[in-house]
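# Summary of the model geometry
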Amino acid sequence: MDLTAGHVWVMISAALVLLMTPGLAFFYGGMTRAKAALNMMMMSFIAVGLVGVVWVLWGYSMTGGDGIAQLFGNPFTSFGLASLIGTEDLIGAGYGATFAIITVALISGAIADRAKFGAWTIFVPIWVTAVYCPLAFMVWGGGLLSADGAVGGAVGEAIDFAGGTVVHISAGVAALVLALILGKRQGFGQDPAQRPHNIPFVMLGAALLWFGWFGFNGGAAGSAEEAGLIWINTMAAPAAAMVGWLMTERIRDGRPTSLGAASGIVAGLVAITPACANVSPIGAVGLGLLSGAVCALAVGIKYRLGFDDSLDVVAVHLVAGIVGTLSLGFIALPVEGAGGGLFYGGGAGQLVAQVVAASIAIALSAVMTAIIGLAIHKTIGFRVSADNEIGGVDLSEHAETAYEFGGLGVGGSFHPFAEQMFTPHKTTQKTTQQNVTEGIHS
């Protein structure tokens, strides 16, 4: 079969979505303290490695094909993707992998500064297998929530074009559960040092996420008309959400912030994800304004309820995911003059379907994440020691730090080929250190 423009677009979209995970690493890495930046970024990067392997071996098979009790696909149907060799289905399989990768990476922001990297590497493949793949099958693979599924057939099929339930609600709930299991960081809510150490990284990460999101939402477009609507909505909703977040900050705090601008962009992207192909551009603007304001206010929930979601995954991904998913019950466009949301005279049927799908995603992710997280926490432990948390998880987990300041003792203790590299220059290093010390005390 010849390579068509459609094939190329899906491949480019997959590359865009894969870029979102390194973008997320910058977004999250900049929001942590300097002594935890590398660990935070590594949690995203290792998700690429682990989920990429799982997807090839059994993950893809679990999201389609013959279902088991309408809950997940048979993991052995396309084990190793062997049955897809020589077919164009490999393109779609690659596209699907990038969604699974970033979904689990999103969770990591809730446990920044205090999670064992080894525990995270165990959590990632189990969670993708037990939560993401079943949800993807239920919503997109002909399972429980599809039009022919037991639930979808009874209450109506929920609209989730690009992952409001499968990606953002499931990841947001998992983030909340893990934050509760690991407990609060030392000094949570009191230590002024628990602030983002590199806002330019955060803004760079938000930019990369926005760029990649055009592939995230648009890769599955079925026509030029649908692709155009998706593109405009993916521009409009985060733009409006940024405005909504900054307006909320200006009214509440007296100043709009760059961190708020970056967070507002992501909130709008999350909210438009399930709705990108099913709302008008005006609807996307309204949804963006709403999600930006609501998520800005939701950030304070963790302080009132006493859970430590380090980087506000719950406030952005869970809340915006719910807002975007449920909004379709009100602003979904009619299809060929039929159906649609309440605002288009479509009745309450679509809203009911959206509520049911969101509820099932919340319940599945909460229960399975609690089982996986507690099992790891009660065996090998999910949280680093108090001393390692104070010293920084970059050093304790990776023997390195994000920044090296001229031999002043802030770099990592691990140096490849240290003896060969540094032995000939011991005298020079000593003199440099003495000069620095003398300069400080002079």
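Nothing here was measured: the structure is a model prediction, and the numbers come from that model.

Cut-offs and rules
- Residues numbered from 1 in each chain as written.
- Predicted model: local features only at pLDDT ≥ 70, side-chain atom pairs only at ≥ 80, totals over all residues.
- Heavy atoms only, no water.
- Helix = DSSP H or I, 4+ residues; strand = E, 2+ residues; numbered from the N terminus.
- Buried < 20%, exposed > 50% of the residue type's maximum accessible area, 1.4 Å probe, protein only.
- Contact = heavy atoms within 4.5 Å.
- Areas by Shrake-Rupley, 256 points an atom, 1.4 Å probe, with all protein chains shown as cover.
- Core = buried A, V, L, I, M, F, W, Y, C linked by side-chain atoms within 4.5 Å.
- Salt bridge = Lys/Arg side-chain N within 4 Å of Asp/Glu carboxyl O.
- UniProt positions renumbered as here; feature names shortened; annotations may be inferred.
- Expected span 1.5 Å × (residues − 1).
- Bend = angle between axes of the 7 residues up to and from the residue.
- Polar contact = N/O pair within 3.5 Å; in protein donor to acceptor, adjacent residues only side chain to side chain.
- Phe/Tyr/Trp six-rings, centres within 6.5 Å; stacked < 30°, edge-to-face > 60°.
- Patch = residues over 30% accessible without salt bridge, like charges linked within 9 Å, V, L, I, M, F, W, Y side chains within 5 Å.
- Axes fitted to C-alpha atoms, helices over the stretch in contact; angles between N-to-C directions.
- Parallel < 35°, antiparallel > 145°, perpendicular 65-115°, else oblique.
- Left-handed = near helix turned anticlockwise from the far one by under 90°.
- Nonpolar A, V, L, I, M, F, W, Y, C, P; charged D, E, K, R; others polar.

### Some points on the overall build of the protein chain
Of regular secondary structure, the protein chain possesses 17 helices and 2 strands. By principal-axis analysis of the C-alpha atoms, the protein chain measures approximately 80 × 55 × 45 Å. Within the protein chain, the fraction of its 442 residues that count as buried is 50%. Of all intrachain contacts in the protein chain linking residues separated by at least 6 positions in sequence, the fraction that spans at least 24 positions is 74%. Carbon and sulfur atoms make up 68% of the accessible area of the protein chain, which totals about 18700 Å².

### Quick notes on the nonpolar core
Residues F27, I107, W120, W127, Y132 and F382 are the most contacted members of the largest nonpolar core, which totals 115 residues. Examining the composition of this core, we find that 15 residues originate from one element, helix 4 (residues 117-140), more than from any other. Those residues in contact with F382, other than ones at most four positions away along the chain, are I111, R114, A115, K116, A119, W120, F123, L178, L182, G373, I376 and H377.

### Details of the pattern of salt bridges
Tallied over the full model, the rule gives 7 salt bridges. For R33, the salt bridge goes to D113, with nearest N and O atoms at 3.5 Å. Of this pair, R33 sits in the loop between helix 1 (5-31) and helix 2 (37-62) while D113 sits in the loop between helix 3 (89-107) and helix 4, placing them 80 residues apart in sequence. Classification of R33 by relative accessible area gives buried; the value is 10%. The salt bridge partner of D253 is R252, with a shortest N-O separation of 3.1 Å. Look at D253 and you get partly exposed, because its relative accessible area is 47%.

### With respect to the UniProt feature "domain: Ammonium transporter AmtB-like" (unreviewed entry) in the protein chain
Taking the numbering used here, the UniProt-annotated feature "domain: Ammonium transporter AmtB-like" (unreviewed entry) corresponds to residues 8-403. In residues 8-403, the share of helix is 68% and the share of strand is 1%. The end C-alpha atoms are 40 Å apart.

### Overview of helix 7 (residues 199-218)
Taking 1.5 Å per residue as the helical rise, helix 7 with its 20 residues ought to reach 28 Å, and the 29 Å between its terminal C-alpha atoms agrees with that figure. At G212, helix 7 shows its strongest bend, of approximately 30°. Residues of helix 7 that are buried: V202, G205, A206, L209, W210, G212, W213, F214, G215, F216, N217 and G218. Of the residues flanking the start of helix 7, the one acting as N-cap is N198, its side-chain oxygen 3.1 Å from the backbone nitrogen of F201.

### Regarding helix 9 (residues 258-272)
Given a rise of 1.5 Å per residue, 15 residues ought to cover 21 Å, and the 22 Å separating the end C-alpha atoms of helix 9 matches this to within 8%. Judged by how many residues are buried, helix 9 sits mostly within the fold: 13 of 15 residues are covered.

### With respect to the packing of aromatic side chains
Applying the stated rule across the entire model yields 14 aromatic pairs. On the numbers, 6.2 Å between centres and 65° between planes, the contact of W55 with Y60 is edge-to-face. Residue classification places W55 among the buried residues on the basis of a relative accessible area of 5%. Put simply, the rings of Y95, F99, W140, W213 and F216 pair up and form one aromatic cluster.

### Points about a nonpolar patch on the surface
On the surface, L3, V8, W9, M11 and I12 cluster together into a nonpolar patch covering about 450 Å² of accessible area. Among the secondary structure elements, W9 is positioned in helix 1. Judged by its relative accessible area of 35%, W9 falls in the partly exposed class.

### A word on the packing of helix 1 against helix 3
For the pair helix 1 and helix 3, interaxial distance at closest approach is 9 Å and the crossing angle is 15°. The angle between the axes of helix 1 and helix 3 places the two elements in the roughly parallel class. In the crossing of helix 1 with helix 3, the sense of the turn from one axis to the other is left-handed. Together, H7, V10, M11, S13, A14, V17, L18, M20, T21, L24 and Y28 of helix 1 and I91, G94, Y95, T98, F99, I101, I102, A105 and L106 of helix 3 make up the contact between the two elements. When grouped by side-chain class, the residues that make up the contact of helix 1 with helix 3 number 15 nonpolar, 5 polar and no charged.

### Focus on the side chain of Q194
Here Q194 lies in the loop between helix 6 (164-182) and helix 7. A distance of 2.6 Å separates the side chain of Q194 from the backbone oxygen of Q186, its partner in a polar contact. In contact with Q194, not counting residues within four places along its chain, are R33, R185, Q186, G187, F188 and G189.

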